[in-house]
Amino acid sequence: EAGVAQSPRYKIIEKRQSVAFWCNPISGHATLYWYQQILGQGPKLLIQFQNNGVVDDSQLPKDRFSAERLKGVDSTLKIQPAKLEDSAVYLCASSSGSYNEQFFGPGTRLTVL
Amino acid sequence: EDQVTQSPEALRLQEGESSSLNCSYTVSGLRGLFWYRQDPGKGPEFLFTLYSAGEEKEKERLKATLTKKESFLHITAPKPEDSATYLCAVQGGYGNTGKLIFGQGTTLQVKP
């Protein structure tokens, strides 16, 4: 069974630029999550989708971050404009249900200069 | 507010030297406690889910246990390939959407 796919794996941008990350979850998984992991910390949830609807985006900085999951499968996370403090690893995870085990992709390491 | 604290932050062991990692938590109605392993440059890899106090689960050299306030990850006779960061996370029950609250992790180094 294929795991969670993410791209790109690495991205370096200047502050105030925009960037987008892509995630393809495990086939059949209805729930998709985006987490932010700052160096030395545990992952922090940014947004949770159930199919193509948002379940929780309470910790998403909505003035600069946006995410969508148009057909209930793939998802994109966008940052515009980026700040220095957005430098982190962005992890995508999926699960077969909201209360089941979450399986993570390899992450995208973002560096904002 | 749901919270998870892991200790120690870092642990260095000799190969074969058993030890335990601690995960203390406060949560409104625990639905599940999760342990993940994270290797450098990779995403977290699922290890265990524990649901109620007294529950134990084992996988190779790892055993996870749960009480009402904390969880332990026991590592028996570790090998260098067990070196990684171990993350603990809780999932609350009351009104929770299923999100995981993670601790900061314990970085384990096992020397041959």
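Here, the structure is the one placed above.
What counts and what doesn't
Residues numbered from 1 in each chain as written. Chains lettered and ligands numbered in written order. Predicted model: local features only at pLDDT ≥ 70, side-chain atom pairs only at ≥ 80, totals over all residues. Heavy atoms only, no water. Helix = DSSP H or I, 4+ residues; strand = E, 2+ residues; numbered from the N terminus. Contact = heavy atoms within 4.5 Å. Buried area = accessible area lost by both parts, 1.4 Å probe. Salt bridge = Lys/Arg side-chain N within 4 Å of Asp/Glu carboxyl O. Pairing = 2+ DSSP bridges. Axes fitted to C-alpha atoms, helices over the stretch in contact; angles between N-to-C directions. Buried < 20%, exposed > 50% of the residue type's maximum accessible area, 1.4 Å probe, protein only. Polar contact = N/O pair within 3.5 Å; in protein donor to acceptor, adjacent residues only side chain to side chain. Disulfide = S-S within 2.5 Å.

S.K.: How do you make sense of the environment of A:V89 when you look at a structure like this?
M.R.: All names here are of chain A. Within the element layout of this structure, V89 appears in strand β9 (residues 88-95). Linking V89 and T111, residues 22 residues apart in sequence, is a C-alpha distance of 8.8 Å. Each residue touching V89, except ones within four places of it in the same chain, is listed here: Y35, Q36, Q37, G107, T108 and R109.

S.K.: Looking at this model, I keep getting lost on the interface of chain B and chain A. Mind explaining?
M.R.: How big an interface is tends to be stated in terms of accessible area lost as the parts join. On the side of chain A, 24 residues touch chain B, which itself brings 21 residues to the contact. Here chain B and chain A share an interface that buries about 1,600 Å² over both sides, 50% of which is from carbon and sulfur atoms. By the criterion of area lost to chain A, the three top residues of chain B are B:T97, B:K99 and B:F102, representing 29% of everything that side buries. Viewed at the interface, chain A and chain B are joined by 1 salt bridge. Its salt-bridge partner being A:D56, residue B:K99 comes within 4.0 Å of it at the nearest N-O pair.

S.K.: Sorry, what's going on with the sheet that holds strand β3 (residues 19-26) of chain B here?
M.R.: Hydrogen bonding along the main chain pairs the strands of a sheet, whether they run parallel or antiparallel. Residue and element names in this part refer to chain B. Here 5 strands make up an open sheet; going across it, the order is β1-β3-β8-β7-β6 and the pairing antiparallel. Both edges of this open sheet fall to β1 (3-7) and β6 (56-59), since each of them pairs with a single strand only. Here the average twist between neighbouring strands, direction ignored, is 15°. Two strands pair when backbone bridges link them, and β6 and strand β7 (residues 62-66) are joined in this way by 4 bridges, in the antiparallel orientation. Within β7, the position partnered with K59 by the bridge is L62.

S.K.: When you look at the sheet that holds strand β8 (residues 75-79) of chain A in this model, what are you seeing that I'm missing?
M.R.: All names here are of chain A. Taken together, the 4 strands give an open sheet; going across it, the order is β1-β3-β8-β7, and neighbouring strands pair in antiparallel fashion. Both edges of this open sheet fall to β1 (5-7) and β7 (65-68), since each of them pairs with a single strand only. On average, each strand axis in the sheet is inclined to that of its neighbour by 15°, with strand direction left out of account.

S.K.: I tried to follow unusual backbone geometry on my own but got confused; where do I start?
M.R.: Backbone phi values are negative for most residues with the exception of glycine, while trans is the configuration of most peptide bonds. The omega angle of the peptide bond from A:Q80 to A:P81 is -5°, so this bond is cis rather than trans. Checked against the element boundaries, A:P81 lands in the loop between β8 and β9. Looking along the chain, the bond that leaves B:S7 and enters B:P8 is cis, with omega of -10°. Topologically, B:P8 is positioned in the loop between β1 and β2 (10-14). Positive phi is not limited to glycine here, since A:R16 has a value of about 80°. As for its placement among the helices and strands, A:R16 is situated in the loop between β2 (10-13) and β3 (19-24). For B:E60, which is not a glycine, the phi torsion comes out positive at approximately 55°. Tracing the chain through its elements places B:E60 in the loop between β6 and β7.

S.K.: Teacher, can you tell me more about the side chain of B:S71 here?
M.R.: All names here are of chain B. Looking at the secondary structure, you find S71 in strand β8 (residues 70-75). Residue S71 is classed as buried on the basis of its relative accessible area of 0%. At 2.6 Å, the side chain of S71 forms a polar contact with the backbone oxygen of T65. The contacts of S71, once residues within four sequence positions are left out, are L21, N22, C23, L33, W35, L50, T65 and L66.

S.K.: Would you mind going over the state of the cysteines with me for this structure?
M.R.: Two cysteines form a disulfide when their sulfur atoms are joined by a covalent bond. Under the defined criterion, the tally for this structure stands at 2 disulfides over all chains. The disulfide partner of A:C23 is A:C92, and the S-S distance across this bridge is 1.9 Å. Measuring the twist about the S-S bond at about -65°, one finds the A:C23-A:C92 disulfide to be left-handed. In this pair, A:C23 sits in strand β3 while A:C92 sits in strand β9, placing the two residues 69 residues apart along the sequence. This pair shows no difference in class: A:C23 is buried, exactly as A:C92 is. The disulfide partner of B:C23 is B:C88, and the gap between their sulfur atoms is 1.9 Å. One disulfide, between B:C23 and B:C88, carries an S-S torsion of -60° and so falls in the left-handed class. Taken together, the positions of B:C23 in strand β3 and B:C88 in strand β9 (residues 84-92) put the pair 65 residues apart, joining distant regions of the chain. The exposure class assigned to B:C23 is buried, which follows from its relative accessible area of 0%. Taking relative accessible area as the criterion, B:C88 reaches 0% and is therefore assigned buried.

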